[in-house]
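Chain and residue survey
Chain by chain, the residues:
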Amino acid sequence: PNVEVASKDGQRNVVNAVLTFKTMEKLFYDSAQGAELSDTQRKVAQLKFEARREKLPETRLAKVEEAFGLLGGFERALKNRTKSASHLLVLRAQNFGKGEEEAALKDA
């Protein structure tokens, strides 16, 4: 998988073969000098990273639900952490199979 890094001055750089969360985290700290992640932000980011790469739908869904839990639950995440919640909703909607497109759209 690739990661696109955007700098404050608008320059974009694509980094190839980001295969582990540790590599992605190092890329984040190297690119966003001075930025910090809270424990919750880090755990949610790791769960999203793992969910995107998970093959088993049940495990992928469990990771998404765990991330919602870390954000205070589904309703609280929708109210207070809209960007994180939207990313998680997309991951959850991608968990639906063929023939379930309407349910995925409703969920997202």
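Structural data are supplied above this passage.
Predicted, not measured: the structure shown is a model, and the values here were computed from it.

Comments concerning the nonpolar core
In terms of nonpolar packing, the biggest core is built from 12 residues, these being Val-44, Leu-47, Ala-51, Val-64, Ala-67, Phe-68, Leu-71, Ala-77, Ala-85, Leu-88, Leu-89 and Leu-91. Sorting the residues of this core by element identifies helix H2 (39–53), helix H3 (57–70) and helix H5 (82–93) as the ones contributing at least two each. In terms of residue count, H5 provides more of this core than any other element does, four residues in total. If near-sequence neighbours (up to four positions away) are discounted, Val-64 is found in contact with Ala-51, Leu-88, Leu-91 and Arg-92.

Re the environment of Pro-1
Along the chain, Pro-1 turns up in the segment before strand S1 (3–6). When the C-alpha atoms of Pro-1 and Thr-20 are compared, they prove to be 9.5 Å apart, with 19 residues separating the residues in sequence. Not counting residues up to four positions away in its chain, the partners in contact with Pro-1 are Val-15, Asn-16, Ala-17, Val-18, Leu-19 and Arg-53.

What about H3?
A rise of 1.5 Å per residue sets the reference length of H3, with its 14 residues, at 20 Å; its end C-alpha atoms lie 20 Å apart and thus fit the reference within 8%. Positive backbone phi, approximately 100°, marks Gly-72, located one or two places after H3.

Notes on the pairing of strand S2 (residues 12–15)
Of the strand pairs in this sheet, S1 and S2 are connected by four bridges, and their pairing is antiparallel. Residue Val-3 lies in a different strand from S2, and its bridge partner there is Val-15. The antiparallel hairpin formed by S1 and S2 contains five residues in its connecting segment, where Gly-10 sits at a positive phi of about 95°.

A look at the pattern of salt bridges
Enumeration over the complete set of coordinates arrives at five salt bridges. Across the pair Lys-63 and Glu-50 runs a salt bridge whose closest N-O atoms are separated by 2.9 Å. In this pair, Lys-63 is assigned in helix H3 and Glu-50 in helix H2, connecting sequence segments 13 residues apart. Take Lys-63: its relative accessible area is 18%, and that puts it in the buried class. On the basis of relative accessibility, which here comes to 27%, the residue Glu-50 falls in the partly exposed class.

Conventions used here
- Residues numbered from 1 in each chain as written.
- Predicted model: local features only at pLDDT ≥ 70, side-chain atom pairs only at ≥ 80, totals over all residues.
- Heavy atoms only, no water.
- Core = buried A, V, L, I, M, F, W, Y, C linked by side-chain atoms within 4.5 Å.
- Buried < 20%, exposed > 50% of the residue type's maximum accessible area, 1.4 Å probe, protein only.
- Helix = DSSP H or I, 4+ residues; strand = E, 2+ residues; numbered from the N terminus.
- Contact = heavy atoms within 4.5 Å.
- Expected span 1.5 Å × (residues − 1).
- Pairing = 2+ DSSP bridges.
- Salt bridge = Lys/Arg side-chain N within 4 Å of Asp/Glu carboxyl O.

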